[in-house]
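Here is how the chains run, residue by residue.
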Amino acid sequence: MTQHHVELLMYTAPEPIRAANERWISRILKHLGHSRLNAASLSLPELWLSPDLLLTQTCGYPLMTLLRDQVRIVGRPRYELPDASAGNHCSLILSRADDARKTLADFRGSRGVINSEDSNSGMNLLRQRLAPLQRDGQFFATVGISGAHRESLRWLREERADLAAIDSVTYACLAQYAPEEVNGLRVVARSAFSPTLPFITAVSTTDKQIEHLREVMNQTLLELPDVAQILGLPEVLAASESDYQVVFDYQREAEELGYGRLR
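Bear in mind that the values here come from a model prediction, so they are computed numbers and not experimental data. Residue positions within a chain follow its written sequence, with the count starting from 1. Only residues with pLDDT of 70 or above have their local features reported here, since the model is predicted, and side-chain atom pairs are shown and tallied only from 80 upward, although totals for entire chains, interfaces and linings are computed over all residues. Only hydrogens and water are set aside when side-chain values are computed; all heavy atoms of the structure are taken into account.

(A) Inspection of the nonpolar core at higher detail. Side-chain atoms within 4.5 Å are what join buried Ala, Val, Leu, Ile, Met, Phe, Trp, Tyr and Cys residues into a set we call a nonpolar core. Here the term buried applies to any residue with accessible area under 20% of the maximum for its type, exposed to any over 50%, and partly exposed to those in between, with areas from a 1.4 Å probe on protein chains only. Counting residues in hydrophobic clusters, the biggest one holds 31 residues, and the most contacted among them are W24, I28, L55, F199, L213 and M217. It only takes one pair of heavy atoms within 4.5 Å for two residues to be counted as in contact. Ignoring anything within four residues of it in the chain, the contact list for W24 reads L8, F199, M217, T220, L221, L224, V227, L231, L233 and V236. The next biggest cluster of nonpolar side chains, apart from the first, holds 20 residues, and it includes I93, M123, A131 and A254.

The following block contains the structure:
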């Protein structure tokens, strides 16, 4: 029995989502006859680049930058959730519901918050959406970095920021299982669509092994319909790097409008 890292860390909350992911992982490993290495001491980049990696999930932006040619894509999830379907998702650009400003343009000069500078949903999609509205390369008065989408939501609720872009899958999970985290907030606008967060494996994995892994992932979703329902995930689609080129296209659009950096 070989040992591998298998971690699904991009969507870990609320608790029903984390538990469903763990059940999915356990069934996948059972079918493959592998055991699981402890990844608790690894940072996300260390996990993504580990030679022992069997399966994890990353963001489309680091996939095309930090991880390019250093991992292989297993597939992309076909979530069927509000604002996420057919292998795509978007960002919901949120404010507090009681904020008198109604359009994105109204928020020029406000306080923005992003989860990280290398996030496609938290930064890149927001930058592309705001680029036509910026003036002299600036839209916000300040931009804070919260470290996570849930923390960005907290910043909004606690009036530490006025506008944030939240991955639509994260938002749907919270709205379903932890509505208190999105109560009092409203959608000001939606970003362009982008491919969902890719599942990846080690760069040494062969095409045949990747195809088999994706088949097992889909087989287990059929075997665990309650897990598929909780995750809003009926299927893992085949995917390639070319699917994620749009991430750079959105970056280029913003740069051409003079908004290469979100600020």
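(B) Examining helix α6 (residues 168-177) more closely. Across the 10 residues of α6, 7 count as buried, placing the element largely inside the fold. By the criteria applied, helices consist of DSSP H or I runs no shorter than four residues and strands consist of E runs no shorter than two, each listed in order from the N terminus. Considered for burial, the residues of α6 that qualify are S168, V169, T170, Y171, A172, C173 and L174. Of the surrounding elements, those touching the buried residues of α6 are α1 (15-32), β5 (84-85), β6 (88-89), β7 (91-96), α5 (149-157) and β10 (163-167).

(C) How the structure looks around the side chain of S91. Topologically, S91 is positioned in strand β7. S91 sits in the buried class, given a relative accessible area of 0%. A distance of 2.5 Å separates the side chain of S91 from the backbone oxygen of S121, its partner in a polar contact. In this structure, S91 is in contact with S121, G122, L125, A165, I166, S168, A189, R190 and S191, ignoring residues within four places of it in sequence. A 3.5 Å cut-off defines polar contacts: any pair of N or O atoms within that distance qualifies, except that in protein one atom must be a possible hydrogen donor and the other a possible acceptor, and neighbouring residues in sequence count only when both atoms are side-chain atoms.

(D) Spatial organisation of α1. For α1, built from 18 residues, the straight-helix expectation of 26 Å at 1.5 Å per residue is met to within 8% by its first-to-last C-alpha distance of 26 Å. Phi for G33, located one or two positions after α1, is positive at around 75°. To estimate the expected span of a helix, subtract one from its residue number and multiply by 1.5 Å.

(E) Structural detail: the environment of I200. Within the secondary structure, I200 sits in strand β13 (residues 199-202). For I200, a relative accessible area of 0% translates into the label buried. Spatially, the C-alpha atom of I200 lies 5.8 Å from that of Q57, the residues being 143 residues apart in sequence. Ignoring anything within four residues of it in the chain, the contact list for I200 reads W48, L53, L54, L55, T56, T58, L63, L67, V71, R72, I73 and V74.

(F) Layout of the domain arrangement of the protein. Domain boundaries assigned for the protein yield domain 1 (3-80 + 196-242) and domain 2 (84-195 + 248-257). An automatic or database domain assignment provides the domain bounds reported here. Domain 1 and domain 2 are separated by 26 Å when their C-alpha centres are compared. Joining domain 1 to domain 2, the criterion identifies 7 residue pairs in polar contact (both at pLDDT 80 or more). Those elements that place two or more of their residues in the side of domain 1 that touches domain 2 are α1, α3 (60-64) and β4 (71-78). Each residue is assigned to one of three groups, with Ala, Val, Leu, Ile, Met, Phe, Trp, Tyr, Cys and Pro labelled nonpolar, Asp, Glu, Lys and Arg labelled charged, and all others, Gly among them, labelled polar. Here the residues of the side of domain 1 that touches domain 2 are counted per class, giving 14 nonpolar, 2 polar and 4 charged.

(G) The packing of aromatic side chains, seen in detail. Only rings of Phe, Tyr and Trp enter the pairing, Trp through its six-membered ring, and a pair is recorded when the two centres are within 6.5 Å. The plane angle decides the type: under 30 degrees is stacked, over 60 is edge-to-face, the rest tilted. Within the structure shown, the criterion is met by 3 aromatic pairs. Between Y11 and Y79, the ring centres sit 5.8 Å apart and the planes meet at 85°, which makes this aromatic pair edge-to-face. Of this pair, Y11 sits in the loop between β1 (3-6) and α1 while Y79 sits in the loop between β4 and β5; the two residues are 68 residues apart in sequence, bridging distant segments of the chain. Both rings, one in F139 and one in F140, keep their centres 5.0 Å apart while their planes meet at 85°; by these two values the pair is edge-to-face. A relative accessible area of 2% means that F140 is categorised as buried.

(H) Spatial organisation of the sheet that holds strand β8 (residues 111-114). Overall, mixed pairing links the 5 strands, which are arranged β9-β8-β10-β7-β11 in an open sheet. Of all strands in the sheet, those with a lone pairing partner are β9 (142-145) and β11 (185-190), marking the two edges. Pairs of neighbouring strands in the sheet enclose a mean axial angle of 30°, with direction left out of account. Relative to β11, β7 is paired through 5 bridges, and the arrangement is antiparallel. The residue bridging S95 from the neighbouring strand is R186, located in β11. Of the strands in this sheet, β7, β8, β9, β10 and β11 touch α5, which is tilted by about 150° from β10. What makes two strands pair is DSSP finding at least two bridges between them. Whenever a helix is involved, its axis is fitted only over the stretch in contact; in every case the axis is a line through C-alpha atoms, and angles between N-to-C directions fall within 0 to 180 degrees.

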